[in-house]
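The primary structure of each chain is shown beneath.
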Amino acid sequence: MSEWLISLEGTGSGQRLAMILALLAAFLHAVFGSLQKARHDPWLSRGAIDACLVGVSFPLLFLVPWPEPHMWPIFVGVVIIHFLYKVLQAMAYSRGAFTVVYPVVRGTGPLFAVIGAWFLFGEVFTSVQWLGLGVLLSGIFGLAVYNLMFLVTDRETLVPALGLALGTGLFVALYTTYDAFGIRSAVDPFTFLVWFFFLSAFDFPMLFAFTPLRRRLSGIALRPLALRGLAGAFVAFGSFGSVMLATRLDKVGEAAVLRETSTVFAALTGWLVLRETVGPRRIALMTLIAAGAVIVEMGG
């Protein structure tokens, strides 16, 4: 599997597979976000997901080659960056409506990811791709503004929620470019993925074990929480794994932009799962997001 994937790097087939993986990551990331936001406290949901990720990924460590020595400092950076991202995300989800917070997070990410990809990997967007990125961002931030105007619940915590969402978006860009650097540095991409999921999932379970956060478990039915955590773990494998493989096969900036069509899927899951309202204006804005992603892909 690894040899086949590596053989596709820099080829037309690899570019097509990267596009498919980035769109798959978009859908699964929206599902992942709704799993963390819906029903349970976002801190509890993330803790349950991470605990399940540790358990699910541990046996996989014995199925991939051992990481090369130069990978261990990279993994340290992964753990730190993803921990800060998860903390900011949980804080934002705790204070704001999903359909307002999520577009801001995902809209901030691709812009800075494109800049980071230029700085780290020398990737350059064409003028058509910049136009597509502008269309996509106008749709994403337009969706956030529209939701903000008509939001009824959580208005008293909206300003801090939006600030946290902006900070989370910056960390999305940071982890996107850093993870791309990491998976490109590994000889075997699946070695990086398995160790990434294993090492970066210890933080939230440890927070609950050794800090006052464990009080949030009081009175919580553990079986539904555990089932949500297990579902989230498998979705995380698909979401984060797909986009990282896409950045190994093709340009980081393009993969980051395509993944942000997750905002469309998030609006749909917010409507279908969280019972948040979706109307014709929001559908038009979601169409802008999808159109921007198509322009970026076609302009490359």
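For the rest of this paragraph, the subject is the packing of helix α3 (residues 42-57) against helix α4 (residues 71-95). Between α3 and α4, the least distance of the axes is 8 Å, while the angle of their chain directions is 145°. Judged by residue contacts, Pro42, Trp43, Arg46 and Asp50 of α3 engage Lys86, Val87, Gln89, Ala90, Met91, Tyr93 and Ser94 from α4. Tallied by class, residues from the contact of α3 with α4 come to 6 nonpolar, 2 polar and 3 charged.

Attention shifts here to the environment of alanine 144. Residue placement: alanine 144 occurs in helix α6 (residues 127-150). Given the relative accessible area of 6%, alanine 144 is considered buried. Remark: the alpha-carbon pair of alanine 144 and valine 105, spanning 39 residues in sequence, is separated by 9.8 Å. In this structure, alanine 144 is in contact with Val100, Pro103 and Val104, ignoring residues within four places of it in sequence.

On to the nonpolar core, then. Counting 74 residues, the largest nonpolar core has Leu53, Phe192, Phe240 and Met244 as the members making the most contacts within it. Among the elements that make up this core, the one with the highest residue count is helix α10 (residues 222-249) (10 residues). Not counting residues within four places of it along the chain, the set of residues in contact with leucine 53 comprises Phe197, Ala201, Ala233, Ala236 and Phe237. Leu44, Val87, Leu213 and Leu225 belong to the second largest nonpolar core, which has 10 residues in total.

If you add up the space inside the second largest pocket, you get close to 170 Å³. Taken together, Leu44, Gly47, Ala48, Ala51, Cys52, Pro205, Phe208, Leu217, Leu222, Leu225 and Ala226 make up the full set of residues lining the second largest pocket. Contributions of two or more residues to the lining of the second largest pocket are made by α3, α9 (203-210) and α10. Class assignment of the residues belonging to the lining of the second largest pocket gives a composition of 10 nonpolar, 1 polar and no charged.

Turning our eyes to something else, we now look at empty space enclosed by the protein. Under the defined criterion, the tally for this structure stands at 4 cavities of 30 Å³ or more. Residue lining of the largest cavity: Arg46, Asp50, Leu53, His82, Tyr85, Lys86, Phe196, Phe197, Ser200, Ala201, Ala236 and Phe240, and that is the complete set. Of the residues that constitute the lining of the largest cavity, the class distribution is 7 nonpolar, 2 polar and 3 charged. The space that makes up the second largest cavity amounts to roughly 60 Å³. If you trace the second largest cavity, you find it lined by Tyr175, Thr176, Asp179, Ala180, Phe240, Val243, Met244, Thr247 and Arg259. Contributions of two or more residues to the lining of the second largest cavity are made by α7 (158-185) and α10. In terms of residue class, the lining of the second largest cavity is made up of 5 nonpolar, 2 polar and 2 charged.

Take a nonpolar patch on the surface next. There is a patch of nonpolar side chains on the surface, built from Phe112, Ile115, Trp118, Phe119, Leu120, Val124, Trp130, Leu170 and Phe181 and spanning about 950 Å² of accessible area. Elements with a contribution of two residues or more to the nonpolar patch: α5 (98-121) and α7. Examining the composition of the nonpolar patch, we find that 5 residues originate from one element, α5, more than from any other. Tracing the backbone shows valine 124 in the loop between α5 and α6. Judged by its relative accessible area of 54%, valine 124 falls in the exposed class.

One can find threonine 191 in helix α8 (residues 189-199). Owing to a relative accessible area of 4%, threonine 191 belongs among the buried residues under this scheme. Within polar-contact distance, the side chain of threonine 191 engages the backbone oxygen of proline 65 at 3.0 Å. Apart from the residues lying within four places of it in its own chain, the contact partners of threonine 191 are Val64, Pro65, Trp66 and Pro67.

Turning to α3, a few remarks are in order. Its 16 residues give α3 an end-to-end C-alpha distance of 22 Å, which sits within 8% of 22 Å, the value for a rise of 1.5 Å per residue. Of all 16 residues making up α3, 13 are buried, and the element is well covered by its neighbours.

Here we come to the packing of aromatic side chains. Applying the stated criterion across every chain yields a total of 18 aromatic pairs. When the centroid spacing of 5.6 Å and the interplanar angle of 15° are considered together, the rings of phenylalanine 75 and phenylalanine 192 count as stacked. One end of the pair, phenylalanine 75, is in helix α4; the other, phenylalanine 192, is in helix α8, and 117 residues separate them in sequence. Aromatic side chains tyrosine 178 and phenylalanine 181 sit 6.1 Å apart centroid to centroid with 55° between the ring planes, which places their arrangement in the tilted category.

Thresholds, definitions, all that
Residues numbered from 1 in each chain as written. Predicted model: local features only at pLDDT ≥ 70, side-chain atom pairs only at ≥ 80, totals over all residues. Heavy atoms only, no water. Axes fitted to C-alpha atoms, helices over the stretch in contact; angles between N-to-C directions. Helix = DSSP H or I, 4+ residues; strand = E, 2+ residues; numbered from the N terminus. Contact = heavy atoms within 4.5 Å. Nonpolar A, V, L, I, M, F, W, Y, C, P; charged D, E, K, R; others polar. Buried < 20%, exposed > 50% of the residue type's maximum accessible area, 1.4 Å probe, protein only. Core = buried A, V, L, I, M, F, W, Y, C linked by side-chain atoms within 4.5 Å. 1 Å grid on protein atoms, 1.4 Å probe; cavity = no way out; pocket = protein on both sides within 12 Å on 5 of 7 lines; lining within 4 Å. Points joined across faces, edges and corners; volume = space filled by probe spheres on them. Patch = residues over 30% accessible without salt bridge, like charges linked within 9 Å, V, L, I, M, F, W, Y side chains within 5 Å. Areas by Shrake-Rupley, 256 points an atom, 1.4 Å probe, with all protein chains shown as cover. Salt bridge = Lys/Arg side-chain N within 4 Å of Asp/Glu carboxyl O. Polar contact = N/O pair within 3.5 Å; in protein donor to acceptor, adjacent residues only side chain to side chain. Expected span 1.5 Å × (residues − 1). Phe/Tyr/Trp six-rings, centres within 6.5 Å; stacked < 30°, edge-to-face > 60°.

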